[in-house]
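Next come the chains, spelled out residue by residue.
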Amino acid sequence: MSDPLVGRMRGFGTTIFAEMSALAVRTGAINLGQGFPDEGGPASVLERAVEAVRAGDNQYPPGIGIPELRRAVSEQRLARYGQAYDPDTEVLVTVGATEAIASAVLALAGPGDEVIAFEPFYDSYAATVALAGARIVPVTLRPDSGRFTFDPDELRRAVTARTKAVIVNSPHNPCGTVFTADELRFVAGICVEHDLTAITDEVYEYLTFDDAAHLPLASFPGMRERTVTISSAGKTFSVTGWKTGWVCAPEPYIQAVRTVKQFLTYVGAAPWQHAVAHGLRHELGWVEALRASLQAKRDRLSAGLESAGFTVHRPQGTYFVQADPRPLGHEDGEAFARALPGLAGVVCIPTGVFYAEPARGRHYVRFAFCKKDEVIDEAVARLRHGL
């Protein structure tokens, strides 16, 4: 029979994360590909989820999310960033940040529209824009002075009469860039000048390193009223399987995003919402300890990759290190990533899949360091021996 998949989704196929994780299982390789931690979250947060299940919070919660979590999110934005959001009208709970991004794009862009995104970008961005019938317009992040950044002129040229929104991911997956105040100020200026909506993916907001600090785009002049801010609990509390995220935005945006979200999943799981609310109110000290431990793991893996022969781009945030295998004689990152389990018993992700044109990122692979130290050390030992 002919391919039943709708034309706009052809070419996406199975996500690279599922593919490479399956390869790790099949070969017995150490999985430094998919970004999930191998240690659990705060004990009190896990216990709060259990308590909620046992208390009977197992039916549909309110469509907008339980009041306790919406209030906790509102309190968090105010305490950390000085941003005031009404928990009753300006906060929406979603099934992770991925659903929040999908709902926002589907609500705000349609056929013929254009959505700008900084590449390499998380693979759901392009798929979601395609689902909306819109076109994704990449602005490439390139290495400069030890970090990845964008060319302001390239961003300015990307804006056309069809541009509806800009997706801004900071801290950035997979490059590890934390956009500076000057970079965000430029993005804000473009949005204000052209009356564009910003959709921000801030799921790594707490996981920044050294002197890098996360600054919400919505906090810049003229941006609160035009920004859909998205974050989640998965990375903050090491509970990626809970898929509990949220949107903060002016009420008209929340209503638009909710209109789409209600027909995707309707609601998220109630027990996790109670637990995440507890975490935001009581376990941010645990999160700071996690941040410090991840910085040490970043340094541990970066040094190990360098000792194995890679050129390493040390990230300012997130779970991931960008590495270049060309010094080892491998020009094609995707071919290298697929061969690596056989060569060294380690799985990574080829970064080229996160580009609109994979050739622009063909030299890079991504390694995750959100793993136990002994797992990182064993992976490095295998790389040194096998490459």
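What counts as what
- For every chain, the first residue of its written sequence is number 1, and the numbers climb from 1 along that sequence.
- Given that the model is predicted, a residue must reach a pLDDT of at least 70 before its local features are reported, and side-chain atom pairs must reach 80 or more before they are shown or counted; all residues, however, enter totals for whole chains, interfaces and linings.
- As a rule here, side-chain values come from all non-hydrogen atoms in the structure, and water together with hydrogens is ignored.
- Strands pair, by our definition, only if DSSP identifies at least two bridges between them.
- What counts as a helix is a DSSP run of H or I of at least four residues, what counts as a strand is a run of E of at least two, and both are numbered from the N terminus.
- Only C-alpha atoms enter the line fits that serve as axes; for helices the fit covers just the stretch in contact. Angles between N-to-C directions range over 0 to 180 degrees.
- In what follows, residue pairs with any heavy atoms lying within 4.5 Å of each other are defined as contacts.
- UniProt positions are given in the numbering used here, feature names are shortened, and annotations may be inferred rather than shown by experiment.
- When a residue's accessible area, from a 1.4 Å probe over protein chains only, is under 20% of the maximum for its type it is buried; when over 50% it is exposed; and in between it is partly exposed.
- For the purposes of this analysis, a disulfide is any pair of cysteine sulfur atoms at a distance within 2.5 Å.

A few points about the sheet that holds strand S9 (residues 227-232)
No. 1: Read across the open sheet, the seven strands follow the order S2-S10-S9-S8-S7-S3-S4; overall the sheet is mixed. Strands with a single pairing partner mark the edges of an open sheet, and in this sheet they are strand S2 (91-94) and strand S4 (135-140). Ignoring which end each strand starts from, the neighbouring axes of this sheet average 20 degrees apart.
No. 2: Direction of pairing for S9 relative to strand S10 (residues 245-248): antiparallel, over a ladder of four bridges. Directly across from Ser 231, in S10, lies its bridge partner Trp 246.
No. 3: Packing of helix H5 (residues 123-131) onto the sheet brings it into contact with strand S3 (114-119), S4, strand S7 (163-169) and strand S8 (197-201), and relative to S4 it is tilted by some 150 degrees.

Some thoughts on unusual backbone geometry
Excluding glycine, most residues fall at negative phi; most peptide bonds, likewise, are trans.
No. 1: Cis geometry is found at the peptide bond from Glu 119 to Pro 120, where omega equals 5 degrees.
No. 2: Assignment of secondary structure puts Pro 120 in the loop between S3 and H5.
No. 3: Cis rather than trans, the peptide bond between Asn 173 and Pro 174 has omega equal to 15 degrees.
No. 4: Within the secondary structure layout, Pro 174 lies in the loop between S7 and helix H7 (181-194).
No. 5: Look at Asp 195: it is not a glycine, yet its phi comes out positive at around 55 degrees.
No. 6: By the element assignment, Asp 195 lies in the loop between H7 and S8.
No. 7: The phi torsion at Thr 318 lies on the positive side, around 80 degrees, for a residue other than glycine.
No. 8: With respect to the helices and strands, the residue Thr 318 is situated in the loop between strand S11 (311-313) and strand S12 (320-324).

Some points on the UniProt feature "domain: Aminotransferase class I/classII large" (unreviewed entry) in the protein chain
No. 1: Feature annotation in UniProt places "domain: Aminotransferase class I/classII large" (unreviewed entry) on residues 29-383, given in this structure's numbering.
No. 2: End C-alpha atoms of residues 29-383 are separated by 11 Å, and the span's content is 40% helix alongside 17% strand.

Quick notes on the pairing of S9
No. 1: Within S9, six of the six residues are buried, leaving the element largely enclosed by the surrounding structure.
No. 2: Side chains of S9 alternate between two faces, with Thr 227, Thr 229 and Ser 231 and Val 228, Ile 230 and Ser 232 buried alike.
No. 3: The pairing of S8 with S9 spans four bridges and is parallel. In the strand pairing of S9, Ile 199 is matched with Val 228.

Overview of the state of the cysteines
No. 1: Inspection of every chain in the model, using the stated rule, returns zero disulfides.
No. 2: Free cysteine Cys 191: the closest other cysteine sulfur is in Cys 248, separated by 18 Å.
No. 3: Summary of cysteine pairing: Cys 370 is not part of a disulfide, and the nearest cysteine sulfur, belonging to Cys 348, is at 14 Å.

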